Amino acid sequence: MSQTPFPTKTIEGYPRVGANRELKRALESYWAGRIDRPTFESAAHSLRVDTYARLKDLGLDDDYAIPADVAYYDQVLETALTVGALGGDAEDVSLDEEFTLARGNADTAPLEMTKWFDTNYHYIVPEISADQSFTARPQRLLKLVDEAREAGHTIRPYLVGPVTVLALSKAAESTAADGTTNPLDRLDDLAKSYAKVFAALKEAGVEWVQVAEPALVADHIGISDAELADRAGAIWTELLSSEDRPQVYLTTPYGSLQAGLDKLLAAAPEAFQVDVSRPTQALDSNYLGRIKEAVAKSPQTTLVAGLVDGRNVWAGDLNALVQTGEELGVKHVTTSVSLQHVPHTVEAEKNLPVDVAGWFSFADEKISEVVAVAAALDGKRDEVEQTFARSERALRTRKESERTHNEAVAKRVATLPEGQVAREPKFAERTEIQEELGLPKLPTTTIGSFPQTKQIRGARADHRAGKLTDEQYVEELRGEIASVIKLQEDLGIDVLVHGEPERNDMVQYFAELLDGFVVTENGWVQSYGSRCTRPPIVVGDVSRPEAMTTEWAKYAQSLSDKHVKGMLTGPVTILAWSFIRDDVHQSVSADQIGVALADEVADLEESGIDIIQIDEPALRELLPLRESDRASYLDWAVRAFRLVSLEAKPKTQIHTHLCYSEFGQIIDAVAALDADVTSIEAARSRMELLEDLNDSFTSEIGPGIYDIHSPRIPSVEEMEELIRAALKNVDEKRLWINPDCGLKTRGYKETEESLRNMVTARNNVVESLK
Ligand code: GLN
Ligand code: ZN
């Protein structure tokens with residue numbers, strides 16, 4: 001029986017939350033008990049079949065062109081459930097089972113969540129034990145296939161591959177204790193489960209299944225690229241040797257393959273996707289050549305080129321994409337990665353500045369690009385002339401725009417030294433000068449935000465809706481600042497903060513005030529589960545039209561004799577949580593944001609602020625997937641941060657804050673930020689990370705002594721113990737006492753009690769040091 005060939009135009013995946021966030025609403029209503037299960041399921045069903053119909057209209061009209069990468073919560077979680085990697089052996093997976101794993105309940109903690117490759121999407125981390133069994137549970141996929149068929153669509157079921165699931169899993173606690181098991185050791189057993197799922201799909205008449213193996217494009221701790229590729233090659237050879245399966249579309253989004261390229265192709269999947277987007281080629285300039293060579297050795301495989309960049313929001317350079325496609329000799333076009341990382345459609349944006357609106361391609365527009373490039377590669381460019389014309393216009397107007405060539409910014413940046421920059425004098429000297437600040441031993445502080453109450457959020461909404469005047473809104477926020485200052489004074493905290501009530505979000509706040517950014521109204525992308533964010537877009541050169549934080553800081557400082565810390569978000573974090581430009585290297589925008597923030601530092605100093613914190617919680621997030629790319633990333637990231645504090649007075653104490661404890665990989669870079677004080681997350685790892693501190697790390701340090709991610713109030717004793725543990729590795733002259741992140745998600749009651757205990761714990765320790 002002849003099989004359907006692979007479609008010439010497809011995508012790797014599509015946003016699943018819905019153009020109007022239908023899935024988010026349905027999920028949250030269901031979790032809150034406002035709707036019952038059938039109502040939830042019917043909402044999710046409608047969203048899926050409506051989406052398939054939309055994708056078909058957009059041009060994905062061949063059988064199997066539409067990937068069913070749908071998930072209620074997360075694709076890794078749903079794949080892991082389907083192949084029985086999370087226990088359970090009922091054929092079908094229940095909603096309760098799935099949501100308990102993702103969100104926990106009264107008796108069970110949820111599974112961990114972490115970043116999916118170098119995106120801002122977070123997946124659920126499966127826990128794999130040495131002796132668990134894997135029971136295939138294909139029911140979920142079969143239902144999707146049937147549901148689509150009934151609505152007239154032949155969709156392509158989607159799974160994350162076995163190598164990727166295990167490479168991204170962690171060993172279950174019971175197993176980890178003996179330290180011997182790596183989840184990848186279970187690859188053979190897990191693959192058997194995939195084979196059963198494949199067999200069930202075949203029996204249901206499915207002719208193509210998509211299996212994503214992006215683990216092969218990244219370096220992993222504990223296994224070399226070559227060894228991972230060997231294992232992947234072996235397991236895929238085995239899986240593909242069976243006849244009892246649909247044709248396999250094996251995909252490798254998010255970067256370039258090294259050893260994995262030959263190994264996976266040698267297993268001879270029927271179709272094979274590579275990410276050949278511009279950013280991926282920029283990191284691996286030989287990639288096209290190596291793909292051509294490898295594919296020549298594997299003539300039975302259809303190469304599918306991930307030409308359209310699924311990670312940015314820009315209208316693509318279609319002529320260039322066609323050229324790449326021709327160079328590769330392909331007829332089959334897709335996106336570099338799933339479109340789940342971009343918003344649905346530019347059509348939903350009614351208030352973009354007119355000159356930039358035409359520059360964007362979100363998910364739907366990118367599908368038109370796939371369709372157009374595929375048509376051109378098939379010799380039918382005349383049929384898609386309009387899409388090409390749109391692309392050319394976008395590129396031309398963007399290039400000519402003053403937004404991308406701001407002379408004032410260019411002049412300013414041209415005065416900067418090249419290469420690494422360094423604040424003078426050095427830390428050793430600064431720290432002596434900063435003794436003037438008169439801080440006590442083991443000073444206490446917080447990370448910046450205080451609880452964002454209903455009242456503040458209400459005031460912000462009312463202000464936006466025009467129900468509060470600017471003056472009324474400012475009054476409201478000042479009231480909040482005054483009460484936060486008073487609370488900190490009552491608690492006896494040493495270095496105060498204003499509490500950040502004016503910030504909806506630590507990046508969006510600055511993006512709205514800086515030139516060179518635009519914000520969208522409906523540009524939601526899934527962050528995890530039902531949570532979506534609306535990343536700002538860097539459209540051009542960035543500059544600061546006026547001071548952004550000084551009024552709040554000045555007001556807060558006027559209320560107290562203690563030091564109030566100024567609070568800024570650093571350049572790397574601002575970029576990490578925005579959509580970036582694709583016409584200049586990220587480091588260009590980073591430098592521009594760096595100088596804009598340097599001006600803010602100067603204005604804060606001018607306003608009488610002596611301590612300034614520059615948050616960089618995303619420093620590690622942007623770390624490239626390949627080790628070999630990390631040094632150059634850290635170079636520009638560290639430089640951008642240093643630019644912010646470069647001209648700060650020696651007496652100004654610069655703090656930074658990072659939100660994680662897995663420090664090892666970037667500890668030298670954190671030291672290189674050259675902040676005077678660094679606060680990090682440490683409570684959950686019980687201060688163990690301080691043992692990693694090496695000689696390069698000389699600054700003062702505030703290892704968070706309580707975990708703000710939980711409403712639990714830590715006792716005086718436990719915090720005292722943590723402080724004493726910290727003192728084993730950090731000299732008392734260098735140690736600060738603080739929570740491990742901002743308090744905005746907490747309530748006031750727990751915050752107050754926790755901070756009171758924190759100050760008491762500090763006092764007890766200081767007493768005993770005398
Ligand atoms: N200053 C910010 C706050 O306290 C830092 C947030 C963060 O680290 N993510 O909320
Ligand atoms: Zn934090």
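What comes next concerns the included structure. (Residues numbered from 1 in each chain as written. Chains lettered and ligands numbered in written order. Predicted model: local features only at pLDDT ≥ 70, side-chain atom pairs only at ≥ 80, totals over all residues. Heavy atoms only, no water.)

### With respect to the coordination of the zinc ion (ligand 2)
A metal bound by six donors in octahedral fashion has ideal angles of 90 or 180 degrees, whereas one bound by four tetrahedral donors has an ideal angle of 109.5 degrees. Threshold: Only N, O and S atoms count as donors, using a 2.8 Å cut-off from the metal and 3.2 Å for Na, K and Ca, and because water is excluded some sites may appear unfinished. Just to be clear on the cut-offs, tetrahedral is four donors with all angles between 85 and 135 degrees, square planar is four donors and octahedral six with opposite donors over 155 degrees apart and all others between 65 and 115, and anything else goes down as irregular. Think of it this way: any DSSP run of H or I at least four residues long counts as a helix, any run of E at least two long counts as a strand, and we number them from the N terminus. For every residue, the accessible area (1.4 Å probe, protein chains only) is compared with the maximum for its type, and the residue is labelled buried under 20%, exposed over 50%, or partly exposed between those bounds.
Around the zinc ion (ligand 2), the protein supplies His657 (NE2), Cys659 (SG) and Cys741 (SG) as donor atoms, at distances of 2.0 to 2.2 Å. In this structure, the zinc ion (ligand 2) is coordinated by four donor atoms arranged in tetrahedral fashion, with angles at the metal of 89 to 128°. Mapping the donors of the zinc ion (ligand 2) onto the primary sequence gives the spacing H-x1-C-x81-C. Taken together, the residues span a long stretch of sequence, with histidine 657 in strand β19 (residues 653-657) and cysteine 741 in the loop between α27 (716-729) and α28 (748-769) at a distance of 84 residues. We note that histidine 657, like cysteine 741, is buried.

### Quick word on the packing of aromatic side chains
How we decide: Here the aromatic set is Phe, Tyr and Trp, taking the six-membered ring for Trp, and pairing holds for ring centres within 6.5 Å; pairs whose planes are under 30 degrees apart are stacked, those over 60 apart are edge-to-face, and all others are tilted. Two thresholds decide whether a charge sits over a ring: the Lys NZ or Arg CZ must be within 6 Å of the ring centre and within 35 degrees of the ring normal.
Scanning the entire structure with this criterion turns up 19 aromatic pairs. An angle of 80° between the planes, with centres 4.8 Å apart, marks the rings of tryptophan 116 and phenylalanine 117 as edge-to-face. Both rings, one in tryptophan 116 and one in tyrosine 254, keep their centres 5.9 Å apart while their planes meet at 85°; by these two values the pair is edge-to-face. Of this pair, tryptophan 116 sits in the loop between β2 (113-115) and β3 (122-124) while tyrosine 254 is found in the loop between β8 (247-252) and α10 (259-266), placing the two residues 138 residues apart along the sequence. Overall, the relative accessible area of 6% leaves tyrosine 254 in the buried class. Connected via pairs of aromatic rings, a cluster forms that spans Tyr30, Trp31, Phe40, Tyr72, Tyr73 and Phe99. Across the ring face of tryptophan 314, the terminal group of arginine 398 is positioned such that the distance to the ring centre comes to 3.6 Å.

### Some thoughts on helix α16 (residues 385-400)
Short version of the rule: Expected helix span is computed as 1.5 Å times (number of residues minus one). Residue contacts are defined here by distance: any two heavy atoms, one from each residue, within 4.5 Å place the two residues in contact.
Between the first and last C-alpha of α16 there are 22 Å, a value that for 16 residues agrees with the 22 Å anticipated at 1.5 Å per step. In this structure, the buried residues of α16 make contact with α13 (318-328) and α15 (363-377).

### Thoughts on the site of ligand 1
To keep things clear, this is the line we draw: Any residue with a non-hydrogen atom lying within 4 Å of a molecule or strand is treated as near it. We define a polar contact as two N or O atoms separated by no more than 3.5 Å, with the added condition that, inside protein, one atom must be a possible hydrogen donor and the other a possible acceptor, whereas residues neighbouring each other in sequence contribute only through side-chain atom pairs. Values of accessible area rely on a 1.4 Å probe in the Shrake-Rupley scheme; residue burial ignores everything except the protein chains shown.
Taken together, the neighbourhood of ligand 1 is formed by 13 residues, with Ser449, Glu500, Asp615, His657 and Cys659 sitting nearest. Between a nitrogen atom of ligand 1 and a side-chain N or O atom of aspartate 615, the distance comes to 2.6 Å. Measuring from an oxygen atom of ligand 1, one finds a side-chain N or O atom of histidine 657 at 3.1 Å. Out of a free accessible area of 300 Å², ligand 1 has 94% covered by protein chains.

### Quick word on the side chain of glutamate 616
Spelled out, the test is: Under the convention used here, Asp and Glu are negative, Lys and Arg are positive, and both His and the chain ends fall outside the count. Should a side-chain nitrogen of Lys or Arg be within 4 Å of a carboxyl oxygen of Asp or Glu, the pair is scored as a salt bridge.
The residue glutamate 616 is located in the loop between β18 (611-615) and α25 (630-645) in this model. Here glutamate 616 is buried and forms no salt bridge, its nearest opposite-charge partner arginine 642 lying at an N-O distance of 11 Å. One polar contact links glutamate 616 to threonine 573, side chain to side chain, over a distance of 2.6 Å. Not counting the four nearest positions on each side in its chain, glutamate 616 is found in contact with Gly570, Pro571, Val572, Thr573, Phe641, Thr656, His657, Leu658 and Tyr660.

### Here's the deal with the packing of α13 against α15
Spelled out, the test is: The axes used here are C-alpha line fits, helices contributing only the stretch in contact, and every angle between their N-to-C directions lies in the interval 0 to 180 degrees. By definition in this entry, angles of less than 35 degrees are roughly parallel, angles greater than 145 are roughly antiparallel, angles of 65 to 115 are roughly perpendicular, and the rest are oblique. The sense of a crossing depends on the near helix, which, turned anticlockwise from the far helix by less than a right angle, makes the crossing left-handed and, turned clockwise, makes it right-handed. Three classes are used: nonpolar for Ala, Val, Leu, Ile, Met, Phe, Trp, Tyr, Cys and Pro, charged for Asp, Glu, Lys and Arg, and polar for all others, with Gly counted as polar.
With their axes 10 Å apart at the nearest point, α13 and α15 run at an angle of 50° to one another. One element, α13, and the other, α15, form an angle in the oblique class. Seen from above, α13 lies across α15 with right-handed handedness. Here α13 contributes Leu318, Leu321, Val322, Gly325 and Glu326 to the contact with α15, which in turn contributes Glu369, Ala372, Val373, Ala376 and Leu377. Looking at the contact of α13 with α15, its residues break down into seven nonpolar, one polar and two charged.

### Topic: the sheet that holds strand β21 (residues 700-703)
The cut-off we apply is this: Strands pair, by our definition, only if DSSP identifies at least two bridges between them.
The parallel open sheet is built from six strands, whose spatial order is β12-β17-β18-β19-β20-β21. Edge positions in the sheet fall to β12 (495-496) and β21, since each of these pairs with one other strand and no more.

### Re the pattern of salt bridges
Side chains bearing opposite charge may pair, as long as their charged atoms lie close to each other. Using the criterion set out here, one finds 51 salt bridges in the structure. Close ionic contact of aspartate 490 with lysine 486 constitutes a salt bridge, the shortest N to O distance being 2.9 Å. Of the two residues, aspartate 490 and lysine 486 are both situated in helix α20 (residues 470-491); the distance of four residues between them amounts to about one turn of the helix. With respect to burial, aspartate 490 and lysine 486 carry one shared label: exposed. Residue arginine 503 is joined to glutamate 502 by a salt bridge in which the shortest nitrogen-to-oxygen separation is 3.1 Å. When sorted by exposure, arginine 503 lands in the same class as glutamate 502, which is buried.

### Things to note about the sheet that holds strand β11 (residues 332-335)
Judged by pairing direction, the sheet is parallel, and its seven strands sit side by side in the order β1-β5-β7-β8-β9-β10-β11 without closing on themselves. With one partner strand each, in any of the chains shown, β1 (67-68) and β11 form the two edges of the open sheet. By the bridge criterion, five bridges tie strand β7 (residues 208-212) to β8 in an arrangement that is parallel. In the sheet register, alanine 212 faces β8, and the bridge partner there is threonine 251.

### Brief notes about the side chain of threonine 345
Looking at the element boundaries, threonine 345 is found in the loop between β11 and α14 (354-357). For threonine 345, the side chain forms a polar contact with the main-chain nitrogen of glutamate 347, separated by 3.0 Å. The residues contacting threonine 345, other than those within four sequence positions of it, are Phe362, Asp364 and Glu365.

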